[in-house]
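A structural walkthrough
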Amino acid sequence: MATATRPAPPPSLSHRVVNDEPVSTTEYLERERKSEERHEYVNGWLISMAAAATWSHSAITSNLDRELGLLLKETECRTASRDILVPFPETDRYAYPDLVVVCGEPALDPNRCDLLYNPAVVFEVLSPSTMDYDRGEKFARYRQLDSLQEYLLVAQDRPHVEHYVRQDDGSWRFTETDGLDAEIDLPSLDAALPISEIYLDVSFDDEHE
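Now for a description of the structure that goes with this document. (Residues numbered from 1 in each chain as written. Predicted model: local features only at pLDDT ≥ 70, side-chain atom pairs only at ≥ 80, totals over all residues. Heavy atoms only, no water.)

This next bit is on the side chain of Glu-150. Of note, Glu-150 is situated in strand β10 (residues 150–154). Of the side chains with opposite charge, Arg-173 comes closest to the buried, unpaired Glu-150, at an N-O distance of 6.9 Å. Discounting residues that sit within four places of it in the chain, Glu-150 has contacts with Ala-120, Val-121, Val-122, His-163, Tyr-164, Val-165, Trp-172, Asp-185, Leu-186, Pro-187, Ser-188 and Leu-189. (Helix = DSSP H or I, 4+ residues; strand = E, 2+ residues; numbered from the N terminus. Buried < 20%, exposed > 50% of the residue type's maximum accessible area, 1.4 Å probe, protein only. Lys, Arg positive; Asp, Glu negative; His and termini not counted. Salt bridge = Lys/Arg side-chain N within 4 Å of Asp/Glu carboxyl O. Contact = heavy atoms within 4.5 Å.)

Pasting the structure below:
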């Protein structure tokens with residue numbers, strides 16, 4: 001009987017695959033627990049996240065975490081970044097969002113405190129080598145999370161944010177916001193996020209991956 005083969009990773013991520021043979025989710029999670037480098041997981045393939053680490057990427061993520069932390073201080077919502085894994089329902093895929101917001105109690109795996117099942121808002125900072133995946137297949141997987149209400153894609157090379165908001169009928173409303181003088185309305189958090197705070201101390205002359 002023929003042995004089933006794993007699907008190939010998305011073409012936009014193939015250059016970041018670090019394993020020669022697919023591994024199981026169990027092996028992936030065990031490896032990730034011990035690894036100093038983070039990897040996302042797509043159908044058996046380990047996708048290195050190290051290539052996304054630029055100064056601008058780190059600064060934007062830090063700015064988002066700080067500003068949202070202040071905005072949400074008096075609410076039941078909290079931010080988490082970098083080391084939180086989000087499993088995608090009914091798939092062999094795990095992702096490390098650049099930043100998540102959780103409202104209420106986080107739904108964590110009983111055996112692993114780094115697996116989060118109920119993000120309310122997800123931020124991804126775009127890199128040229130992964131933006132197609134973030135906009136396409138990755139967002140399609142995020143949409144399967146019942147808890148997710150908003151998904152934001154933040155550019156590194158200019159003050160620009162792509163914003164998706166879940167509607168009552170299950171559809172998603174898309175808006176784009178440009179310019180350092182603008183704000184982003186986050187309806188699920190009852191908050192407004194200034195673009196200028198996202199890009200504080202970020203130079204748009206930097207080179208990006």
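After that view of the structure, there is still more to cover.
The next subject is the environment of Asp-114. Structurally, Asp-114 can be placed in strand β8 (residues 112–116). For the pair Asp-114 and Phe-174, spaced 60 residues apart in sequence, the C-alpha to C-alpha distance is 30 Å. With near-sequence residues (within four places) excluded, Asp-114 lies in contact with Asp-83, Ile-84 and Leu-85. At 2.8 Å, the side chain of Asp-114 and the side chain of Arg-112 are in polar contact. (Polar contact = N/O pair within 3.5 Å; in protein donor to acceptor, adjacent residues only side chain to side chain.)

A separate point is the sheet that holds strand β3 (residues 77–81). If you walk across this open sheet you meet the six strands as β3-β6-β9-β10-β11-β12, and the pairing is mixed. The sheet is open, and its two edges are formed by β3 and β12 (172–178), each paired on a single side. Across this sheet, the average inter-strand angle for adjacent strands is 15°, counted without regard to direction. (Pairing = 2+ DSSP bridges. Axes fitted to C-alpha atoms, helices over the stretch in contact; angles between N-to-C directions.)

Right, let's get into the sheet that holds strand β5 (residues 93–95). Pairing is antiparallel across the open sheet formed by four strands, whose spatial order is β2-β1-β5-β4. Here the strands that pair on one side only, and so sit at the sheet edges, are β2 (45–48) and β4 (86–87). As defined by bridge partners, β4 adjoins β5 across two bridges and the pair is classed as antiparallel. Residue Pro-87 lies in a different strand from β5, and its bridge partner there is Tyr-94. Packed on one face of the sheet, helix α1 (residues 25–34) meets β1 (39–42), β2 and β5 and runs near 180° to β1.

Another point: unusual backbone geometry. For Asn-43, which is not a glycine, the phi torsion comes out positive at approximately 50°. In the Ramachandran plot, Asp-190 falls in the positive-phi region, its phi being about 55° despite a non-glycine side chain. Summarising the element assignment, Asp-190 is placed in the loop between β13 (183–186) and β14 (191–194). We classify Asp-190 as exposed; its relative accessible area is 72%.

Turning our attention to the packing of aromatic side chains. By the definition in use, this model includes eleven aromatic pairs. Residues Tyr-142 and Tyr-151 carry aromatic rings whose centres are separated by 5.2 Å and whose planes lie at 45° to one another, so their mutual orientation is tilted. Assigned by exposure class, Tyr-142 and Tyr-151 land together as buried. Centre to centre, the rings of Tyr-151 and Tyr-164 are 6.3 Å apart; their planes meet at 45°, and the pair counts as tilted. Separated by 13 residues along the polypeptide, Tyr-151 in strand β10 and Tyr-164 in strand β11 (residues 160–166) bring together distant segments of the chain. Classification of Tyr-151 by relative accessible area gives buried; the value is 0%. Using a relative accessible area of 15% as the deciding quantity, one classes Tyr-164 as buried. Counting every residue linked through ring pairs, the aromatic cluster contains Phe-88, Phe-139, Tyr-142, Tyr-151, Tyr-164, Trp-172 and Phe-174. Lying across the ring of Tyr-96, Arg-38 places its NZ or CZ 5.1 Å from the centre. A cation sits over an aromatic face here: Arg-143 above Phe-139, 4.6 Å from the ring centre. (Phe/Tyr/Trp six-rings, centres within 6.5 Å; stacked < 30°, edge-to-face > 60°. Lys NZ or Arg CZ within 6 Å of the ring centre and 35° of its normal.)

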